[in-house]
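Geometric and topological summary
What follows is the residue order along each chain.
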Amino acid sequence: MIVVMKHGASNDEVDAVLRHLEAVGLAGHVIEGTERRVVAVVGTVWPELQDELEVHSGVTTVLRVSKPYKLASREVKPEDTVVRAGPVAIGDGSIVIIAGPCTVESEEQILATARFVQAHGAHLLRGGAFKPRTNPHQFQGMRRAGLELLALARQETALPVVTEVMDTRDVELVARYADVLQIGARNAQNFALLEEVGRAQKPVLLKRGMHGRIEEWLLAAEYVLTKGNRQVVLCERGIRTFETATRNTMDLSAIPYVKRESHLPVIADPSHGTGKWYLVPPLAVASVAAGADGVMVEVHPNPDLALVDGAQSLTFENFTRMVADIRKVGAALGRPLAPAPAALPRRQADPLR
Ligand code: PEP
Ligand code: MN
């Protein structure tokens, strides 16, 4: 249920609605729109509640919501959400490029990659410090040392950092270093972790689960939003199908579908979506054409030697070509690349700098 407040409704009038909801055992989430405020009602509602809320002064109308996800839905918030990752805006109509290695391997590797992608169009740096590996005997990431190297790379390049957090016990640590907390496909329905990042003060990049339906993905976002963190970016990264020629099947239709259903920004990860480096640029371009707010791609100074995901990692040269193609398609659609972060004012002081 959504309580739509009148233009210029006072804080007291909004509070009265919230108190009413609390008194009947429901929760209300206030959403600030450009035009007016709405209160999203979370919990199981009953038909009479509509009339009970409608009579409050300050309320213009009360609507039933047909979607199981509420805070993520355009029914509750029609206008696009813009997520702020350090100085970079995701979801404002411009195209954002997130690039970096699958995994932080060494100081030389992350710094060389960060410097290159920064100079050739990237807006954020990616790199895993905690890696979800199918095989427990494989390299699990550099962990805290990896986070420190990412912070160093940010200091050198001004690129905000996106990195994965896999465990509720690590959210505080990772949030101290990262500008954006990534929830990986394997944790897309780890509800305890989703709630924990929902309490964090950093934006969340939420991958679609490898077996996740769109509704399940949006409900995962709902877990984060419900805990108070409204800065969520959705990331399509391919789903498992019967096809084995590619690592996953990149679901391009999900991009415009989710953009229509939800106000949250949607980006695409064609590296995990395809598993093959030569499919990454065409699928990145196609994702932008389909309406993605950005792309996230894996880039490595020497993909043949990468410890993780070399087959899907772009060389520096291929990254440069892909950015040129994205720029052209974006221009044709009236969507420029976002401004480079070094050219933007820093929005918040970084305790590690
Ligand atoms: C990654 O981005 O490195 C990653 C592990 O992705 P996913 O969770 O989509 O498999
Ligand atoms: Mn990877």
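Residues numbered from 1 in each chain as written. Chains lettered and ligands numbered in written order. Predicted model: local features only at pLDDT ≥ 70, side-chain atom pairs only at ≥ 80, totals over all residues. Heavy atoms only, no water.

**Focus: the layout of surface pockets**
Filter applied, for reference: Definitions used for this entry: grid spacing 1 Å over protein atoms alone; cavity, a set of points where a 1.4 Å probe fits but cannot get out; pocket, an open set with protein on both sides within 12 Å along at least 5 of 7 lines; lining residue, one with an atom within 4 Å of a point. Grid points are joined across faces, edges and corners, and a volume is the space filled by probe spheres set on the points. Residues were grouped as follows: Ala, Val, Leu, Ile, Met, Phe, Trp, Tyr, Cys and Pro as nonpolar; Asp, Glu, Lys and Arg as charged; and all remaining residues, including Gly, as polar.
Empty space within the largest pocket amounts to approximately 310 Å³. Around the largest pocket, the lining is made up of 21 residues, and of these Pro-132, Arg-186, Arg-247, His-272 and Asp-309 lie nearest the centre. Across the lining of the largest pocket, the residue classes break down as five nonpolar, six polar and ten charged.

**Quick notes on the coordination of the manganese ion (ligand 2)**
We count it as follows: Water is absent from the atoms considered, so a metal site may look incomplete; donors are defined as N, O and S atoms within 2.8 Å of the metal, or 3.2 Å for Na, K and Ca. Starting at the N terminus, helices and strands are each numbered in turn, a helix being any DSSP run of H or I of at least four residues and a strand any DSSP run of E of at least two. Each residue is assigned to one of three classes by its accessible area relative to the maximum for its type, calculated with a 1.4 Å probe on protein chains only: buried under 20%, partly exposed between the two thresholds, exposed over 50%.
Listed as protein donors to the manganese ion (ligand 2) are Cys-102 (SG), His-272 (NE2), Glu-298 (OE) and Asp-309 (OD); their distances from the metal cover 2.0 to 2.4 Å. Motif for the manganese ion (ligand 2), donor spacing along one chain: C-x169-H-x25-E-x10-D. With a gap of 207 residues between them, Cys-102 in the loop between strand 7 (96-100) and helix 3 (107-119) and Asp-309 in the loop between strand 14 (294-298) and helix 11 (316-332) connect regions that are remote in the sequence. Here Cys-102 matches Asp-309 in class, with each residue buried.

**Observations regarding the sheet that holds strand 14**
Sheet strands pair via backbone hydrogen bonds, and the direction of the pair is either parallel or antiparallel. Cut-off, in case you're wondering: Strands are treated as partners if at least two bridges between them are detected by DSSP. Angular values range over 0 to 180 degrees, each being the angle between N-to-C directions of two axes fitted as lines to C-alpha atoms, with helices fitted over their stretch in contact. A contact between two residues is defined here by any heavy atoms of the two lying within 4.5 Å.
Spatially, the eight strands close up into a barrel ordered 7-8-9-10-11-12-13-14, and their pairing is parallel. Geometrically, the sheet is characterised by an average inter-axis angle of 25 degrees between neighbouring strands, direction not taken into account. Relative to strand 13 (residues 266-268), strand 12 (residues 232-236) runs parallel, the two being bridged by three bridges. Bridged to Cys-235 within strand 13 is Ile-267. Running at roughly 160 degrees to strand 12, helix 7 (residues 214-226) makes contact with strand 11 (204-207) and strand 12 of the sheet. Where helix 11 meets the sheet, it contacts strand 7 and strand 14, and its direction lies at approximately 170 degrees from that of strand 7.

**Re the site of ligand 1**
The test is simple: Any residue with a heavy atom positioned within 4 Å of a molecule or strand is treated as near that molecule or strand. Accessible surface area values rest on a Shrake-Rupley calculation with a 1.4 Å probe, where residue burial reflects the displayed protein chains alone. Throughout, a molecule is located in a cavity or pocket provided that more than half of its atoms lie within 2 Å of its grid points.
Taken together, 13 residues form the shell around ligand 1, and within it Arg-126, Lys-131, Ala-185, Lys-207 and Arg-237 come nearest. Look at ligand 1: alone it shows 290 Å² of surface, and the protein chains cover 97% of it. Mapping ligand 1 onto the cavity grids shows that it belongs to the largest pocket. A class-by-class count of the residues in the shell around ligand 1 yields three nonpolar, three polar and seven charged.

**Brief notes about the pairing of strand 7**
Within strand 7, five of the five residues are buried, which leaves the element mostly enclosed by the surrounding structure. Burial of the side chains of strand 7 extends over both faces: Val-96, Ile-98 and Gly-100 are buried on one face and Ile-97 and Ala-99 on the other. In the sheet, strand 7 pairs with strand 14 via five bridges, with the strands oriented parallel. Bridged to Val-96 within strand 14 is Gly-294. Relative to strand 8 (residues 124-126), strand 7 runs parallel, the two being bridged by two bridges. Note on strand 8: the bridge partner recorded for Ala-99 is Leu-125.

Take it as geometry only, folks, not as evidence of what the structure does.
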